[in-house]
Amino acid sequence: MRDFLVAGNWKMNGYAAGNTALVAGIAAGVPHSARVKVLLCPPFPYLASVVAQLQGSNVAVGAQTVSEHQSGAFTGEVAPAMLRDVGCEYVIVGHSERRALYGETSAAVAGKFKAALGAGLKPILCVGETLEEREAGSTESVVDEQLGAVIDTVGIAAFASAVVAYEPVWAIGTGKTASPEQAQEVHRHIRALLAGHDADIAESTQILYGGSMKGENAAGLLGMPDIDGGLIGGASLKAVDFLAIANAAAQG
Ligand code: PGA
């Protein structure tokens, strides 16, 4: 049986003073369940301090993106080894905001995924369709292309150290959540796609749902057979809201 991963994507939110209280609140309330892992992904400048504050807790830290390069003349970029150096365990790659606002192609995302793995980070690969793509009936082909680009680059075995997040773009930050059935349908499709390459990897890979997940809808989503946790934006910025989701996972 797969464990749950409940990951908070703070995006470009938070300042030092408030972060300390948020992290303390979360650390104090994480469920004591061996089946639920909690992860926080703050902006780059706060990674080291959040890692320091979480020393001795079982809450992990990750970054929101990473360079595909290891070092060198790439002004403004952050290398995967630097993230490891400051104590990150995970990194989100290919978030739809990165794809849409910063022009990250599936090839670039695959490069980041590969570089992250090479440095010992666990990539969380985000995939998902826009509303227009869903309405055009192309949800599966969009997800296939986004996932396929990474599988072609790193090979299916790499998914033993990675996580997939299905995040329908129309549900992100909109308050519109995919229904448990809508999400499950795509999660099942993603797992089948992985299984087409390697059945054992498909069975063990965590597939998170992201898009307006909150305490009120978490239990329904997390109760689905192929939903193994959440990638949470807005509701990860308040300890009580985030913990409601982690607790739903612990009861799932
Ligand atoms: P949201 O964001 O929970 O605010 O919809 C999710 C995400 O973008 O990862």
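For the structure given in this document, a descriptive report is provided here.

Parameters at a glance
- Residues numbered from 1 in each chain as written.
- Predicted model: local features only at pLDDT ≥ 70, side-chain atom pairs only at ≥ 80, totals over all residues.
- Heavy atoms only, no water.
- Pairing = 2+ DSSP bridges.
- Helix = DSSP H or I, 4+ residues; strand = E, 2+ residues; numbered from the N terminus.
- Axes fitted to C-alpha atoms, helices over the stretch in contact; angles between N-to-C directions.
- Contact = heavy atoms within 4.5 Å.
- Salt bridge = Lys/Arg side-chain N within 4 Å of Asp/Glu carboxyl O.
- Buried < 20%, exposed > 50% of the residue type's maximum accessible area, 1.4 Å probe, protein only.
- Near = heavy atom within 4 Å.
- Polar contact = N/O pair within 3.5 Å; in protein donor to acceptor, adjacent residues only side chain to side chain.
- Areas by Shrake-Rupley, 256 points an atom, 1.4 Å probe, with all protein chains shown as cover.
- Phe/Tyr/Trp six-rings, centres within 6.5 Å; stacked < 30°, edge-to-face > 60°.
- Arc of directions from axis to C-beta.

1. What about the sheet that holds strand 7 (residues 206-210)?
Working step 1: Strand order in the closed barrel formed by 8 strands is 1-2-3-4-5-6-7-8, with parallel pairing between adjacent strands. Going across the sheet, the axis of each strand differs from the next one's by a mean of 25 degrees, ignoring polarity.
Working step 2: Here 4 bridges tie strand 4 (residues 90-93) to strand 5 (residues 122-127), and the two strands are oriented parallel to one another. Each residue of the ladder has a partner; that of V93, found in strand 5, is L125.
Working step 3: The sheet strands contacting helix 8 (residues 180-195) are strand 5, strand 6 (163-166) and strand 7, and the helix crosses strand 7 at an angle near 150 degrees.

2. Looking at the pattern of salt bridges
Working step 1: Taken as a whole, this structure holds 13 salt bridges when the rule is applied.
Working step 2: One salt bridge connects E89 with K37, and the closest N-O pair in it is separated by 2.7 Å. A residue pair is termed long-range when its members are at least 10 positions apart, and E89 in the loop between helix 3 (80-85) and strand 4 and K37 in strand 2 (residues 36-41) qualify at 52 residues.
Working step 3: Between E68 and K112 there is a salt bridge, with its nearest N and O atoms 3.4 Å apart. Taken as a pair, E68 in the loop between strand 3 (59-63) and helix 3 and K112 in helix 5 (residues 106-118) lie far apart in primary sequence, 44 residues in all.
Working step 4: Classification of E68 as partly exposed rests on a relative accessible area of 31%.
Working step 5: By relative accessible area, K112 is classed as buried at 5%.

3. Here's the deal with the site of the ligand
Working step 1: Taken together, the neighbourhood of the ligand is formed by 13 residues, with K11, H95, E167, G173 and S212 sitting nearest.
Working step 2: Note that an oxygen atom of the ligand is positioned 2.6 Å from one of the side-chain N or O atoms of H95.
Working step 3: Within the backbone of S212, one N or O atom sits 2.7 Å away from an oxygen atom of the ligand.
Working step 4: When the free accessible area of the ligand is taken as 280 Å², the share hidden by the protein chains comes to 95%.

4. With respect to the packing of aromatic side chains
Working step 1: Taken as a whole, this structure holds 2 aromatic pairs when the rule is applied.
Working step 2: Ring centres of F113 and F159 lie 5.2 Å apart, and the angle between their planes is 35 degrees; this geometry places the pair in the tilted category. Here F113 is found in helix 5, whereas its partner F159 is found in the loop between helix 7 (139-154) and strand 6, with 46 residues between them in sequence. Judged on exposure class, the residue F113 and its partner F159 are both buried.

5. Some remarks on helix 10 (residues 215-222)
Working step 1: Buried within helix 10 are the following residues: N217, A218, L221 and L222. In a view along the axis of helix 10, the buried residues occupy a sector of 125 degrees, so they form one face of it. Opposite its buried face, helix 10 presents the exposed residues E216 and A219, each directed more than 90 degrees away.
Working step 2: On its buried face, helix 10 sits against strand 1 (4-9), helix 8, strand 7, strand 8 (229-232) and helix 11 (239-251).

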